[in-house]
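Coordinate inspection notes
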Amino acid sequence: MDQSDIRSAFFVECEDLMEALNEGLDRIEDTLDDGHDDETVNAVFRAVHSIKGGAGAFKLDALVRFAHQFETTLDALRAGRVSADPPLLALLHKAADRLSDLLQAARTGSETATIDPDDLVAQLAQAAGEEEAGEADAEDLGFVPMRLDLDLPAAAPDEGQSGCYSIDFSPTRALYACGNDTSILFRVLSDLGRMEVRLDRSRLPDFDALDWQESWLDWHLTLETDEPEHQIDEVFEFVEDLCRLEIRPMAIEAPRMDPDPEPDPEPDPPASGPAAAKKSPAEDHRTSSPRATVRVELDRVDRLINIVGELVINQAMLSQCVQDEGVPPRSPVRNRLDDFRNLAREIQESVMAIRAQAIKPLFQRMSRIAREASEIAQKQIRLVTEGESTEVDKTVIERLADPLTHMIRNAVDHGIEPADRRLHLGKPPVGLITLTAAHRSGRVLIEIKDDGGGINRPRVLEIARGKGLVARDAQLTEEEIDGLLFMPGFSTASVVSDLSGRGVGMDVVKSAIESLGGRITIASDPGVGTTFTISLPLTLAVLDGMVVDVGGQTMVVPVSAIVETLRPRPADIHVLGSGDQVVAIRGSLVPIVDCGSIFGFRAPVRSYEESVLLLVETARQKLCALVVDTIHDQRQVVIKGLENGYGRIPGVAAATILGDGRIALIIAPEEAVDIGTSGGTFSMEF
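Residues numbered from 1 in each chain as written. Predicted model: local features only at pLDDT ≥ 70, side-chain atom pairs only at ≥ 80, totals over all residues. Heavy atoms only, no water.

**Quick word on helix H3 (residues 61–78)**
Here H3 contains 18 residues, and its C-alpha end-to-end distance of 25 Å stays within 8% of the 26 Å for a straight helix at 1.5 Å per residue. Most of H3 sits out of view: 14 of its 18 residues are buried. Of the residues one or two after H3, Gly80 is the one with positive phi, at around 85°. (Helix = DSSP H or I, 4+ residues; strand = E, 2+ residues; numbered from the N terminus. Expected span 1.5 Å × (residues − 1). Buried < 20%, exposed > 50% of the residue type's maximum accessible area, 1.4 Å probe, protein only.)

**Brief notes about the pairing of strand E12 (residues 542–550)**
With eight of nine residues buried, E12 is to be regarded as a mostly interior element. Alignment of E12 against strand E20 (residues 630–638), held across eight bridges, turns out to be antiparallel. Opposite Val548, over in E20, you have Ile631 as the bridge partner. Relative to strand E13 (residues 553–558), E12 runs antiparallel, the two sharing six bridges. If you follow Val548 over to E13, its bridge partner there is Met555. (Pairing = 2+ DSSP bridges.)

**Brief notes about the confidence of the model for the chain**
Chain-level statistics for the chain give a pLDDT mean of 78 and a share of 81% at 70 or above. Within the chain, the lowest mean pLDDT, 38, falls on helix H10 (residues 281–284), and the highest, 92, falls on helix H15 (residues 419–424). The low-confidence segment residues 682–686 (pLDDT under 50) makes 15 contacts with residues lying over four places distant or belonging to another chain. (pLDDT = per-residue confidence, 0-100. Contact = heavy atoms within 4.5 Å.)

**Digging into the nonpolar core**
Ranked by size, the top nonpolar core spans 64 residues in total, and within it Leu21, Phe70, Phe169, Leu189 and Phe236 carry the most contacts. Residue contributions to this core peak at ten residues, all from helix H4 (residues 86–108). Ignoring sequence-local partners within four residues, the contact set of Phe236 consists of Ile167, Phe169, Leu185, Leu189 and Leu245. Grouped together as the second largest cluster of nonpolar side chains are 46 residues, Val396, Ile408, Ala411 and Ile448 included. (Core = buried A, V, L, I, M, F, W, Y, C linked by side-chain atoms within 4.5 Å.)

**Notes on the pattern of salt bridges**
Taken as a whole and assessed by the stated rule, the structure comprises 31 salt bridges. Here Asp482 and Arg457 are joined by a salt bridge, their closest N and O atoms 2.9 Å apart. Residue Asp482 is found in helix H17 (residues 478–483), and its partner Arg457 is found in helix H16 (residues 457–466); the two are separated by 25 residues along the sequence. You can call Arg457 buried: its relative accessible area is 10%. Via salt bridges that share partners, Asp97, Asp101, Arg368, Arg371 and Glu372 belong to a single interconnected network. (Salt bridge = Lys/Arg side-chain N within 4 Å of Asp/Glu carboxyl O.)

**Brief notes about the sheet that holds E12**
Taken together, five strands build an open sheet; the order of strands is E20-E12-E13-E22-E21 and the sheet is mixed. Edge strands, defined here as strands with exactly one partner in the open sheet, are E20 and strand E21 (652–657). The mean angle between the axes of side-by-side strands here comes to 35°, regardless of whether they run parallel or antiparallel. (Axes fitted to C-alpha atoms, helices over the stretch in contact; angles between N-to-C directions.)

**What to know about the packing of helix H8 (residues 182–190) against helix H9 (residues 229–236)**
For the pair H8 and H9, interaxial distance at closest approach is 10 Å and the crossing angle is 165°. One finds that H8 runs roughly antiparallel with respect to H9. The element H8 and its partner H9 pack so that their crossing is right-handed. Side by side, H8 and H9 meet where Leu185, Val188 and Leu189 of the first sit next to Ile232, Val235 and Phe236 of the second. For the contact of H8 with H9, the residue count by class is six nonpolar, no polar and no charged. (Parallel < 35°, antiparallel > 145°, perpendicular 65-115°, else oblique. Left-handed = near helix turned anticlockwise from the far one by under 90°. Nonpolar A, V, L, I, M, F, W, Y, C, P; charged D, E, K, R; others polar.)

**Side note on a nonpolar patch on the surface**
Residues Leu204, Phe207 and Leu210 make up a contiguous nonpolar surface patch of about 320 Å² in total accessible area. Position of Leu204 relative to the elements: it lies in the loop between strand E2 (193–200) and strand E3 (218–225). (Patch = residues over 30% accessible without salt bridge, like charges linked within 9 Å, V, L, I, M, F, W, Y side chains within 5 Å. Areas by Shrake-Rupley, 256 points an atom, 1.4 Å probe, with all protein chains shown as cover.)

Below, the structure written as structure tokens:
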């Protein structure tokens, strides 16, 4: 690996460290009433320290200086010099956000990397009980290479020294992978007293057998100090799970170590008492260690997914050929083809699982958005997340960031009331926003729920009429009024602020969600709160589709959107005064949309007796019946985007390649229903 590879690996590692940092701060905040767990504070401290150590190796001075003060404040918290309270946690969250900014700036080389956040550093120093932020030592700010025959300057022993300790220290490969530097540990130890260091090279293999990623060196130290033993423990505290460590008190008159003896086997630790050895939790719990992982460039995964997509297409083509040749259903060829189809599906699902990622990092990012928005709006907000382990395609996660950001800011600005009004209404002063993710019926459901005032529907309708979005005498249902929020340019903000009022509203969110093949719905109870529900496909690469015939054209409808299929009886079809037709299903009248007509393939059919109705669920119309001529079969299809090569087609989500090599368009049920119920048509030529 060259320097750029190591640097890239450091920033990738920092993503995991930042995730652990934010998760730890959230856990501390959730347990404020019960008292925080010391191990959680230690984990947060280790994350910041590891980032600082790695940043020092790459001379990222601005990042190191800030991380150093952040680490100092966390050290004061874990030592009990300061207490965890809401103001301190708010400051630590802000510091974590700033640390993330500095990491991103250092990674991309943007100008933010040169900005020294003096105000935040001063606040951290004040919180730690310091009069002003001290400068980090030169040794803390950079990476200092160390020789194998380390010869540290020994501090002169003070009078009255009463303790001597033998320390056996064996770093693991994980210690160095996190950016830690053993020389810094030894220098801190040497400040405690007089220290001698001996390097043990006995495990170092021959050059041909050397694995450069492994840690082969062991260290034996003797420390004379008048400091208590817990001071030695604290030096190793943030790496204790990344090494094998043994600290043994010994008589001060004990003879010095022979500089070149053969290494002794590791002694058995005393069973109890002050001389009991400290060992790595990783050593004691090897069976519960995390599963091994490998980092792969996303482009490689994408290429693999494309190949699997071609495999699915070829499997469909092979099935078509076998059918065209009239091979009997129970023949060996058919049986082997079924096995091939099942294997192809299993490979596809396994490959898609590689792209699947937990939605947790995105939810953590929304926590920051909520904090910043609440500070701007001067409101007290608490964001609670659920279902963080829900896995979603990485592309979906990346494209969800902007719409979720807008919705969280919208909930803070428009949903949650000011603290004084909430108290007047008998609500707690702190507003609650709940962000939830879950798998349901082959899709991902994300909910953004607030306990605010709900949608003021009379005001929404009044604004819409004033903007000419609806007629003055229009009578709208509650659902139709809620749908006005998604119209372009609609905003209920009376003044322009940093959060809203610029005419970029929920229409942007709706467009972003629909571009992912999803839909968004609203449920609001005045005075109680509002819930936005986003339904998304699990992946953007492959879907289960129903292959249908529409006006002589083969099209595909996503199975996840279909509630049921039916052939209507003439008595079930009713014509409204406007000429629109509906079908009676179990006591309800459901609008009918003729796909062949809206896509311009043929004229509207006069009778639906020979047609098939696909009952689909949409955000605006709830249930709607799509008219198709014939259902061919249900199969797995590979999604091919049209935007880059052809452009956006209303009512069409994407395209796919069928087994006979023909291209079929994939219907976007939500858009098709909107076109049909608004009386529109769209003509396509082939």
